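One-letter residues, chain by chain:
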Amino acid sequence: MSRRAYRGVALAALIFLVVQLGALALVPTFFEQGYQTVEDPSDPTNSLLYIGAIIVMTAFMLAAFKYDLDQLIRLVIVFTSGLLAWYVFAALIPSALVAVGLSAAVALALLVYPEWYVIDAAGVLMGAGAAALFGISFGLLPAIVLLSVLAVYDAISVYKTKHMLDLAEGVMDLRIPVVLVIPTTLSYSLLDSDFDRDANEVGDGGNATDGGEPAEVADAETADTTADTDAEDSGSGERDVFFIGLGDAVMPTVMVASGAFFSEAPSLGFGALPALNLPALLAMVGTFAGFAGLMWAVMKGRAHAGLPLLNGGAIGGYLVGSVVAGVPLVSALGLAPYL
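What you see is a predicted model; the values in this text were computed from it and never measured.

### Quick word on the overall build of the chain
Of the regular secondary structure elements, the chain holds 12 helices and four strands. Relative to its 339 residues, the chain shows a buried fraction of 55%. Taking all contacts inside the chain whose residues are at least 6 apart in sequence as the whole, residues at least 24 apart take part in 76%. Accessible surface computed for the chain: about 13,700 Å², of which carbon and sulfur atoms make up 66%.

### Looking at the packing of helix α5 (residues 116-137) against helix α9 (residues 246-262)
Look at α5 against α9: their axes get within 7 Å of each other, and the N-to-C directions meet at 40°. On the basis of the axis angle, α5 is oblique to α9. Between α5 and α9 the crossing geometry is right-handed. Where α5 approaches α9, its residues Gly123, Met126, Gly127, Ala130, Ala131, Phe134, Gly135 and Ile136 are matched on the opposing element by Leu246, Val250, Thr253, Val254, Ala257, Ser258, Phe261 and Phe262. Grouping the amino acids of the contact of α5 with α9 by side-chain chemistry returns 11 nonpolar, five polar and no charged.

### Section: the environment of Ala10
For Ala10, the position within the fold is in helix α1 (residues 3-32). Note on Ala10: relative accessible area 45%, which makes it partly exposed. When the C-alpha atoms of Ala10 and Thr184 are compared, they prove to be 9.7 Å apart, with 174 residues separating the residues in sequence.

### Thoughts on unusual backbone geometry
The phi torsion at Asp68 lies on the positive side, around 60°, for a residue other than glycine. Looking at Asp68, the relative accessible area reads 66%, which means it is exposed.

### Remarks on the side chain of Ser47
Along the chain, Ser47 falls in helix α2 (residues 45-66). Residue classification places Ser47 among the buried residues on the basis of a relative accessible area of 0%.

### As for the pattern of salt bridges
Applying the stated criterion across every chain yields a total of one salt bridge. With a closest N to O distance of 2.6 Å, Arg4 and Asp240 form a salt bridge. Residue Arg4 is found in helix α1, and its partner Asp240 is found in the loop between β2 (225-228) and β3 (241-245); the two are separated by 236 residues along the sequence. With respect to burial, Arg4 and Asp240 carry one shared label: buried.

### Some thoughts on a nonpolar patch on the surface
A contiguous nonpolar surface patch, about 660 Å² in accessible area, is contributed by Leu75, Leu108, Leu111, Val112, Tyr113, Tyr117 and Leu191. Here the nonpolar patch takes three residues from helix α4 (residues 96-112), the largest share from any one element.

### Digging into the nonpolar core
Counting 98 residues, the largest nonpolar core has Phe30, Met255 and Phe291 as the members making the most contacts within it. Broken down by element, the residue count for this core peaks at 14 residues, all from α5. Every residue in contact with Phe291, bar those within four places of it in the chain, is listed here: Val9, Ala12, Ala13, Phe16, Ile244 and Leu310.

Quick notes on the rules
- Residues numbered from 1 in each chain as written.
- Predicted model: local features only at pLDDT ≥ 70, side-chain atom pairs only at ≥ 80, totals over all residues.
- Heavy atoms only, no water.
- Helix = DSSP H or I, 4+ residues; strand = E, 2+ residues; numbered from the N terminus.
- Buried < 20%, exposed > 50% of the residue type's maximum accessible area, 1.4 Å probe, protein only.
- Contact = heavy atoms within 4.5 Å.
- Areas by Shrake-Rupley, 256 points an atom, 1.4 Å probe, with all protein chains shown as cover.
- Axes fitted to C-alpha atoms, helices over the stretch in contact; angles between N-to-C directions.
- Parallel < 35°, antiparallel > 145°, perpendicular 65-115°, else oblique.
- Left-handed = near helix turned anticlockwise from the far one by under 90°.
- Nonpolar A, V, L, I, M, F, W, Y, C, P; charged D, E, K, R; others polar.
- Salt bridge = Lys/Arg side-chain N within 4 Å of Asp/Glu carboxyl O.
- Patch = residues over 30% accessible without salt bridge, like charges linked within 9 Å, V, L, I, M, F, W, Y side chains within 5 Å.
- Core = buried A, V, L, I, M, F, W, Y, C linked by side-chain atoms within 4.5 Å.

What follows is the structure in structure tokens.
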């Protein structure tokens, strides 16, 4: 792997880390402000309802692209970005007016100047906010069910049915924070990228954007897939950029946040992250173990489903952390109320 590729991987890892730390910092505040979205977080059917919503959203986006409603999708995602940014800013800033102004600025920036760093900054806000919301709303068993089913769904949709290829073709030129844009050179500009050309090359082994091999791009709340793109301008055969679905950062972080909020394990006592405990910490470690394997595979030149490795690492790390912290496995799995 080249030095440029290492820089890109390091940037992607930093973004993942910021999303996870941000979610952990937001968990107690979100709960105190009443952001929990379900009445019974321990009910595993919450996960099934959410998975059903993902399938419906995927179908809606595919239909929208088929009937040339691309800009509708863009407006929906930009509005969602502003809404999640408002959740985050409202939790951190006492002034409601300032929070509204900042969240509106995020949405406006995405509309008028969707450069890669604008998209990534909005993605970090969305990712941290969404993961914290889901973390306090999905108990341990629902979180494990959610991540497990989404990992399987991600693999099937990428390697078997490949229906996410159409979604990838449709979403890339919208320049919205459903994907994290990871440049390997500071000269890269997302605004100059010709996704219309690249989308026509999906699956043919040529210079392809996200989806050039079996790949998936979905909204911030869905399963997602990591992909790569060949260099467009350098002439050196090195990649100028690769893309990581925002869902790849969000979903394993749900396990981190849920473990921090619902686990019986005591807090590790970090002042800035009072919710952090050993299960959550090792879920983070497991996520990055999966991330390392995923990046190794992607840098070989193929796109891969991200969630099997990332979610598997997060769940495995969480369970190891629970056992080390002395939490009975039955309680760690969220099965105690049912036994």
